[in-house]
Structure formats: C-alpha cells, structure tokens
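Here is how the chains run, residue by residue.
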Amino acid sequence: MIRKMGIGLAAAVALAAPYGIAHAASGPIKIGVQAPITGTYADEGQGIEKAVKLLADQQNAKGGLLGRKIEVKVCDDEGKASQAAICARQLVNDGVIAVIGSYTSGAALAAEPIYARSNVIQTSDGTSNKLLSRGYKTWFGNAAPNSAEAKFTAKYLIDVRHFKRIAVLTDHSSFATGLADAVIKNIKADHGKVIDKAYITAGSQNFTPVLTKLKALKPDAIYFSGYYSDGGLIKAQMAQLGITATFVGGDANQNVAFGKIAGSAAKGAIIVNVPGPEQLPYPTAKAFVAAYKAKYHQSPPSVFTLTNADGMRAVMQAIEQTKSVKPAKLEHYLHNMKSFDGLTGQFRWNAKGERVGSPFTAFEVQADGSYKIVYPAPKAG
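Since the structure is predicted, the reported quantities are computational estimates derived from the model, not experimental observations.

Draft legend 1. Spotlight on the overall build of the chain. Along its length, the chain carries 13 helices and 15 strands. Along the three orthogonal principal directions, the C-alpha set of the chain runs to about 75 × 55 × 35 Å. When burial is assessed residue by residue, the chain has 56% of its 381 residues classed as buried. For the chain, long-range pairs separated by at least 24 residues make up 67% of all intrachain contacts whose partners lie at least 6 apart in sequence. Accessible area of the chain: about 16,100 Å², with a carbon and sulfur share of 55%.

Draft legend 2. Expanded view of the environment of aspartate 43. You can see aspartate 43 is positioned in helix 2 (residues 42–61). On the basis of relative accessibility, which here comes to 25%, the residue aspartate 43 falls in the partly exposed class. Each C-alpha atom of the pair aspartate 43 and threonine 305 lies 9.8 Å from the other, and the pair is 262 residues apart in sequence. Once residues lying within four places of it in the same chain are set aside, the contact partners of aspartate 43 are Tyr228, Asn255, Ala257 and Pro301. There is a polar contact of 3.4 Å between the side chain of aspartate 43 and the side chain of asparagine 255.

Draft legend 3. Seen up close, the packing of helix 2 against helix 12 (residues 303–322). Viewed as axis vectors pointing N to C, helix 2 and helix 12 meet at an angle of 35°, and their least axial separation amounts to 8 Å. Seen along the crossing, helix 2 lies across helix 12 with a hand that is right-handed. Facing helix 2, whose interface residues are Glu44, Gly47, Ile48, Ala51, Val52, Leu55, Ala56 and Gln59, helix 12 presents Phe304, Thr305, Asn308, Ala309, Met312, Arg313, Met316 and Glu320. Looking at the contact of helix 2 with helix 12 residue by residue, the class counts come to nine nonpolar, four polar and three charged.

Draft legend 4. Region of the structure containing helix 2. The terminal C-alpha atoms of helix 2 lie 28 Å apart, and with 20 residues this matches the ideal 28 Å at 1.5 Å per residue to within 8%. Phi turns positive one or two residues past the end of helix 2, at glycine 63, with a value near 110°.

Draft legend 5. Quick look at the packing of aromatic side chains. Inspection of every chain in the model, using the stated rule, returns 17 aromatic pairs. Judged by centre distance (5.9 Å) and plane angle (35°), the ring pair of phenylalanine 152 and phenylalanine 360 falls under tilted. Residue phenylalanine 152 is located in helix 6 (residues 146–160), and its partner phenylalanine 360 is located in the loop between strand 13 (355–356) and strand 14 (361–365); the two are separated by 208 residues in the primary sequence. Note on accessibility: phenylalanine 152 and phenylalanine 360 belong to one class, buried. Between phenylalanine 152 and tyrosine 375, the ring centres sit 5.7 Å apart and the planes meet at 40°, which makes this aromatic pair tilted. Here the residue phenylalanine 152 occupies a position in helix 6, and tyrosine 375 occupies one in strand 15 (residues 371–375), the gap between them amounting to 223 residues. Grouped by ring-pair contacts, the aromatic residues Tyr41, Tyr103, Phe175, Tyr227, Tyr228 and Phe304 constitute a single cluster. Lying over the aromatic face of phenylalanine 347, arginine 355 brings its terminal NZ or CZ to 3.9 Å of the ring centre.

Draft legend 6. Geometry of the pairing of strand 2 (residues 70–76). Sheet analysis places strand 1 (residues 29–35) next to strand 2, joined by seven bridges and oriented parallel. Within strand 2, the residue paired with lysine 30 across the bridge is glutamate 71. Taken together, strand 1, helix 2 and strand 2 constitute a β-α-β crossover, and its handedness is right-handed.

Draft legend 7. Expanded view of the state of the cysteines. The tally for this structure, following the rule as stated, stands at one disulfide. The disulfide partner of cysteine 75 is cysteine 87, and the S-S distance across this bridge is 2.1 Å. Taking the torsion about the sulfur-sulfur bond, which here is approximately -80°, the covalent link between cysteine 75 and cysteine 87 counts as left-handed. Here cysteine 75 is found in strand 2, whereas its partner cysteine 87 is found in helix 3 (residues 81–93), with 12 residues between them in sequence. For cysteine 87, a relative accessible area of 0% translates into the label buried.

Draft legend 8. Main features of the side chain of serine 124. With respect to the helices and strands, the residue serine 124 is situated in strand 4 (residues 121–124). Here serine 102 takes part through its backbone oxygen, which lies 2.7 Å from a polar atom of the side chain of serine 124. Here the side chain of serine 124 touches glycine 126 through a polar contact of 3.0 Å, landing on its backbone nitrogen. Filtering out sequence-adjacent residues up to four positions away, serine 124 remains in contact with Gly101, Ser102, Ala108, Trp139, Phe140, Gly141, Asn142 and Ala143.

Basis of the calculations
- Residues numbered from 1 in each chain as written.
- Predicted model: local features only at pLDDT ≥ 70, side-chain atom pairs only at ≥ 80, totals over all residues.
- Heavy atoms only, no water.
- Helix = DSSP H or I, 4+ residues; strand = E, 2+ residues; numbered from the N terminus.
- Buried < 20%, exposed > 50% of the residue type's maximum accessible area, 1.4 Å probe, protein only.
- Contact = heavy atoms within 4.5 Å.
- Areas by Shrake-Rupley, 256 points an atom, 1.4 Å probe, with all protein chains shown as cover.
- Polar contact = N/O pair within 3.5 Å; in protein donor to acceptor, adjacent residues only side chain to side chain.
- Axes fitted to C-alpha atoms, helices over the stretch in contact; angles between N-to-C directions.
- Left-handed = near helix turned anticlockwise from the far one by under 90°.
- Nonpolar A, V, L, I, M, F, W, Y, C, P; charged D, E, K, R; others polar.
- Expected span 1.5 Å × (residues − 1).
- Phe/Tyr/Trp six-rings, centres within 6.5 Å; stacked < 30°, edge-to-face > 60°.
- Lys NZ or Arg CZ within 6 Å of the ring centre and 35° of its normal.
- Pairing = 2+ DSSP bridges.
- Right-handed = clockwise from strand over helix to strand, strands pointing away.
- Disulfide = S-S within 2.5 Å.

Shape descriptors only; they carry no functional weight alone.
Given below as structure tokens:
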C-alpha cells in the first residue's frame, strides 16, 4: 500500500512539474518557439526563431520582465504534425508559459490540444478555421483565418479582376485545402465560375501533368492555396507550358524564396496577404526590421516573421501590464485588449482567439522580386 501511494504521489508530482516550473515565482520567464527550423519551410521557421530571440534580447537588455530574464526555448517541428506534437510535449515539460508557433496549420492543429490541456498560451500563424472551432482559450491566431482571406480573395478575383474562368489548385494539407474550399465557396457566392479544383502533392517538384490538364480548360486565372516552395515552381512551369492565365497565390506564397524559385516567371504573379511594414507607416515596425537586419545581416523572409513577432510582443505586454505570468490573467488580458499596436497593424483577438482588424492586400510580384500593392489602390500622399 505504501509503495502504491509512493508511486501515485511521484506520478502526481511528475504531471504537475511543468506547471510548477512554468509558473515559479523566480528564475527566468520561459517562452517557447515551435517552428520548422529545418525542412521545406526552414527559412520561415528560422525567421520566427530569430524574431522571438531578438525581442527577448531587447527586453532583457532593459532588465527583462517583472525583474526576471526571458529565456527562449526552441523546438523544431519541421512543419510536420507528428513532430509538432512531440515539440508541444517537450516545451510544456520545459516549463514555458507561452509558445510562439507554429508556421503551418497542420503543425498548429497537432500541438493545440496539448498546449490547451497544459494551459500554455499558443500564438500561431496557423489559419485553418479548425483551430478556432475547438474553443481553446489558450489559442491566439497571429494571422487572420482562412475564412477572412477567402472573402477578400473572391472579391478581388470576381469584382476587381472580373475573371470568368477560375481554376483552383491546392495541396492536401489542412491549411491549403481549407483555404481552397473557402475561396471556392466565396467565388460561387459572388456568382463566379470555378472550372476545376485540382490537387498537387506538395514537394513533388514536377507539376506539369496537372498544369497541362488545367491549360486545356483555358482558365483566366489559376488560384493556388498552398505554400511558396511549390507556388514558385508552379509559376515557373506555367511559363514553360505557355499558360497565360494569371497566377494568384494565397498568403503562404509570400516569401522571398517565391521569386528565387520562379525566376523571371515570378513577374506578374499576384499574392494575397496582409501588408508588411514597407507598405505601412509604422515606425515601430520599421525599427524592428532595421534591428533584425543589423543583428542577422538579412531581411525577414516574409511578413510572417513579423506576425509571429507580434505574438511575442503581445505576450510580453500582457505580462508587463498584468504583472503576472499566471495563464488565467494573461489569457483574460489578451482576449480583452481593445486594440494592439502590432508591427503588422492594429488588431485585437476575439473570444475565439481570432485575429480581428487585419486588412488584406493584393500584391503583384515585380521583376526584381519586390511587391507592389495593386488592390486596394494605395492612398495618395
């Protein structure tokens, strides 16, 4: 009996250990980064890691938070759901109070319930609406959900460009299929015509068979909901096949690597996403980008470096304003902010953790790989 009680007590202590470590009254405040540090989306994951570490270093130089240093714990989920679940358990055991990441919806979905059960705040670029539907109070989206992006995209395709024949191309990931389905739904609601919905296998390199099929359907536009690593190749192979349809990509195509992969064919591609600091008059954002360049000798790979930085900045603000690292206080603060002055614009989180208030923009890729806003038209002055 005594032995059984001892084992039970040991198990209880082991289960409680992460919570006790995370919320200890002394020692460093631990913030996790879960991101694809290696693999297909490594430049995005490394951008997230660098942004969070830069912000932690800046805050620590000021004395930290609540008189305690910030310690960043990093786990590489490779953008994969299976590895994401491992990362979530590891970071919880490391005693983090919040996690910034991950980049992909699939990885975020796998980690979300683990963080929720452990009462660890998660801010992520995952945009699948499934992330909102579970109702976890620990979830905070760094980017607007697929439903919001899809509504803007359909309006651009139908009301602005007046495309009559639209083909939709997606991979099999939860993010891309969710976004593709939402775009199709909104196109039809706006009385547009989707002539085909086709699939690719992410990372397969050769997309000419499916593109040849789409070419025969004579689309005015090909909308791709997947990631930049495939989107750049698709745009290049469209040019090789003589497909003149306009390439329109979802937000995951906005990455400096898109232009490098597509080469000269990148010119004219349209990508839908929230605007970055170079398009918005935010001094704080411009200062952050300058500090990032000075520290790492490179520009952030995409706007998602900055949306994740906003997640980190919001968590730090919550700790500072509540003078606490207790999850209940931090979650209440984050859910009830009237407005947060982000690097990517002013926004807030609603009760579901959905980012509200983010404007969308249609960018056109220029010959030098830079982006030009084509909709909505930039305001004069």
